[in-house]
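Residue strings, one per chain:
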Amino acid sequence: MGTTDSARRQIRPGPVAAGARPPPRPGGGAPPAGGPPGWRAPPTAAEEAASPPRRPGRRSMIGVPFERHRTVRIGMIGLGNRGMSMIGGWSAVPGAAVTAVCDIRAERAKAAADKLAADGRPRPAEYGGSADAYRKMLARDDIDLVYIATPWEFHYPQGKAALLSGKHVGVELPIATELDQLWDLVDTSEQTRKHLFLAENCSYGRNELAILKMAHEGVFGEVTNGHGGYLHDLRELLFSDTYYTDAWRRKWHTRSTASFYPMHGLAPIAACMDVNRGDRFATLRATATEPKGLADYRKRHMPPGHPSWKETYINGDLVTCLIETEQGRIIRAEHDVSSPRPYSRINSLAGSRGIVEDYPARIYIEPDHSGHAWKDFGPYRDRHDHWLWKKLKDDPNLGGHGGMDYVLQWRIVQQMRAGLVPDIDVYDSAAWCSPVPLSVVSLDRGGKPVAVPDFTRGGWQKARPGLDSQPSEMPV
């Protein structure tokens, strides 16, 4: 089945394209001689980069600590593969309790409640059976943190509703898929004075946090470039009839040519470069290969009559974003879940004195190394281990993706109980997710650079702590 350019650019499953070219702004340019009535030039780069003014009376959430919580009471929305894999960790963190669970399929909410009860935890309240069941859960007054692990298209409306209900919000990747949604979440966080953050577990990986410390300690010299992404052969899972409910993730590949999910590798590299803490994403340009992998897999493995045969795949197998920062650094962020390949998040960082690469982890820095030969990263990781891993590596609850899931959960609960400023805020989350819609715009323009909005509205220029935090204790 053939595709048109317009079909390949759609991202939102509804009638409006996510990340679509913004409408021309007043004063965007004079119409050419003989141009159509009402024509205006597309916005200039400066106009695209301009941040909408903060609404009167609102203030930034940068540096705003959580209010202290004796116990962090958690409500969970979405109890599929990801939600159910995280529920044990949320309930195991000291000072945390899952008080409510919700899924559109009521039987999943019951299964989650049964699991917690079987583990000796208090049984949470159950919500489900309808698309708006989560709104009933949000009306409860015994929830401090809402954790959202639903399909991507629901993250924005559920995240916004949770903020408006007076809760802090952790959202699985991405927090939203469109630029106007990202801006709305920033504005709603500032309006409600509640934090919304990306539950970016890979930012808490042991290697990633060690590389971050090394970068900040000058091991790589002046950092100039990095690579990160999500290269994961998901074809078998994408075509499974049970893994992704209603094949929701595969269907996104019929809607858009976009970098759907680069954040796992992009976020740690951005942290190493102090993005939003002295630097920021400035421009993005995208390229995409032809969509071959999913159709080829279907041809070889799916029987006639399978629902996938009614689908046309339009997302490129490999979507690459080249991001330039305000300080002149370059990040290459990649996304590929449609090709046969070993798993990799790339995790590469380079500077004037050396380079590190993951998968497998290896390093080359001066003056330690010479002779154009990679060396083992292990001793450097041990030497620069982040305090969170030193504290938690022997915790019996450590688990989930090599332990990073629990480290993320423990740190979020600790910050909320101790009244700390979050490591990841809504501005980080919006910037890290912006390649989703911006890749659509760049590809629509033939790969030309597009401006990345400054979600901090100038706040990026000030250095401040982030994932490279100082040691602190979990309150008793």
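The structure we're discussing is the one just above.
Because the structure is a prediction, the values reported are computed rather than measured.

1. What to know about the environment of Asp 376
Mapped onto the fold, Asp 376 is located in strand 14 (residues 375-376). Judged by its relative accessible area of 52%, Asp 376 falls in the exposed class. For Asp 376 and Ile 363, which are 13 residues apart along the polypeptide, the C-alpha to C-alpha distance reads 6.3 Å. Setting aside residues no more than four positions away along its own chain, Asp 376 makes contact with Ala 361 and Ile 363. At 3.0 Å, the side chain of Asp 376 and the backbone nitrogen of Gly 378 are in polar contact.

2. Side note on helix 11 (residues 263-272)
Along an α-helix, a turn takes 3.6 residues, which lines up residues three or four apart on a common side. Within helix 11, ten of the ten residues are buried, leaving the element largely enclosed by the surrounding structure. Positioned one or two residues after helix 11, Asp 274 has a phi angle of 55°, which is positive.

3. Some thoughts on the sheet that holds strand 6 (residues 196-198)
An order of 3-2-1-4-5-6 is seen for the six strands of this open sheet, with the pairing classed as parallel. Looking at the sheet topology across the chains shown, the edges are occupied by strand 3 (125-128) and strand 6. When strand polarity is set aside, the average angle formed by the axes of neighbouring strands in this sheet is 20°. Where strand 5 (residues 168-171) lies against strand 6, three bridges are found, and the strand directions are parallel. Note that in strand 6 the partner of Val 171 across the bridge is Leu 198. Helix 3 (residues 81-92) contacts strand 1 (72-77), strand 2 (96-103) and strand 4 (145-148) of the sheet and is inclined by roughly 160° relative to strand 2.

4. Structural notes on unusual backbone geometry
The linkage connecting Leu 173 with the following residue, Pro 174, adopts the cis geometry, with an omega of -15°. Within the secondary structure layout, Pro 174 lies in the loop between strand 5 and helix 7 (179-192). Here Tyr 359 and Pro 360 are connected by a cis peptide whose omega angle stands at 0°. Within the secondary structure layout, Pro 360 lies in the loop between strand 12 (354-357) and strand 13 (362-365). Here Ala 247, not a glycine, exhibits a phi torsion of approximately 55°, which is positive. Assignment of secondary structure puts Ala 247 in the loop between helix 9 (235-238) and helix 10 (248-252). Within the chain, His 401 stands out as a residue other than glycine whose phi angle is a positive 55°. Positionally, His 401 belongs in the loop between helix 14 (387-392) and helix 15 (404-418).

5. Observations concerning the sheet that holds strand 7 (residues 223-231)
Pairing is mixed in the open sheet, where nine strands are placed in the order 14-13-12-11-7-10-9-8-15. Of all strands in the sheet, those bounded by a partner on one side alone are strand 14 and strand 15 (450-451). As paired elements, strand 13 and strand 14 share two bridges and run antiparallel to each other. Counterpart to Ile 363 in the pairing with strand 14 is Lys 375. The sheet strands contacting helix 17 (residues 435-444) are strand 8 (281-288), strand 9 (319-325) and strand 15, and the helix crosses strand 8 at an angle near 65°.

6. Some thoughts on the packing of helix 8 (residues 206-216) against helix 11
Following both chains from N to C, one finds helix 8 and helix 11 inclined at 20°, their axes separated by 9 Å at the closest point. It follows from the interaxial angle that helix 8 and helix 11 lie roughly parallel. For the crossing formed where helix 8 meets helix 11, the hand is right-handed. Contacts from Glu 208, Ile 211, Leu 212, Ala 215 and His 216 in helix 8 reach Pro 268, Ala 271 and Cys 272 in helix 11.

7. Observations regarding the side chain of Glu 311
Examined against the element boundaries, Glu 311 turns out to sit in the loop between helix 12 (293-301) and strand 9. At 2.6 Å, the side chain of Glu 311 forms a polar contact with the side chain of Tyr 313. Once residues lying within four places of it in the same chain are set aside, the contact partners of Glu 311 are Arg 250, Lys 251, Thr 254 and Arg 298.

8. Regarding the nonpolar core
Core analysis: the biggest nonpolar cluster contains 124 residues, and Met 76, Trp 90, Ile 175, Phe 220, Phe 281, Leu 349 and Trp 432 have the highest contact counts within it. Excluding its chain neighbours within four sequence positions, the residues that come into contact with Phe 220 are Ile 211, Met 214, Ala 215, Leu 349, Gly 351, Ser 352, Arg 353, Gly 354, Ile 355, Val 356, Ile 363 and Ile 365.

9. Regarding helix 6 (residues 155-164)
Burial runs high along helix 6: seven of the ten residues are buried. Those residues of helix 6 that sit buried are His 155, Tyr 156, Gln 158, Gly 159, Ala 161, Ala 162 and Leu 163. Contact partners of the buried residues in helix 6: strand 1, helix 5 (133-138), strand 4, strand 5, helix 7 and strand 6. The positive-phi residue at the C-terminal boundary of helix 6 is Gly 166, with phi of around 90°.

Scoring rules and cut-offs
As a convention, each chain's residues are numbered from 1 in the sequence order in which they are written. Local features in this predicted model are restricted to residues whose pLDDT is 70 or higher, and side-chain atom pairs enter the listing and the counts only when it is 80 or higher, whereas totals over whole chains, interfaces and linings include all residues. Side-chain metrics rest on all non-hydrogen atoms present in the structure, leaving aside hydrogens and water. Only runs of H or I of at least four residues qualify as helices and only runs of E of at least two qualify as strands under DSSP, and these elements are numbered from the N terminus. Only protein chains enter the accessibility calculation, which uses a 1.4 Å probe; a residue whose area is less than 20% of its type maximum is buried, one above 50% is exposed, and one in between is partly exposed. Only heavy atoms matter for contacts: two residues are in contact if any of them lie within 4.5 Å across the pair. Between N or O atoms, a polar contact is any pair within 3.5 Å; within protein, one atom must be a potential hydrogen donor and the other a potential acceptor, and residues adjacent in sequence are included only when both atoms are from side chains. Pairs of strands are assigned from DSSP output, requiring at least two bridges between the strands. What counts as an axis is a line fitted to C-alpha atoms, over the stretch in contact for a helix, and the angles between N-to-C directions run from 0 to 180 degrees. Here the angle decides the label: under 35 degrees means roughly parallel, over 145 means roughly antiparallel, 65 to 115 means roughly perpendicular, and every other value means oblique. The crossing is said to be left-handed when, going from far helix to near helix, the turn is anticlockwise and less than a right angle, and right-handed when the turn is clockwise. Put simply, buried Ala, Val, Leu, Ile, Met, Phe, Trp, Tyr and Cys residues joined by side-chain atoms within 4.5 Å make one nonpolar core.

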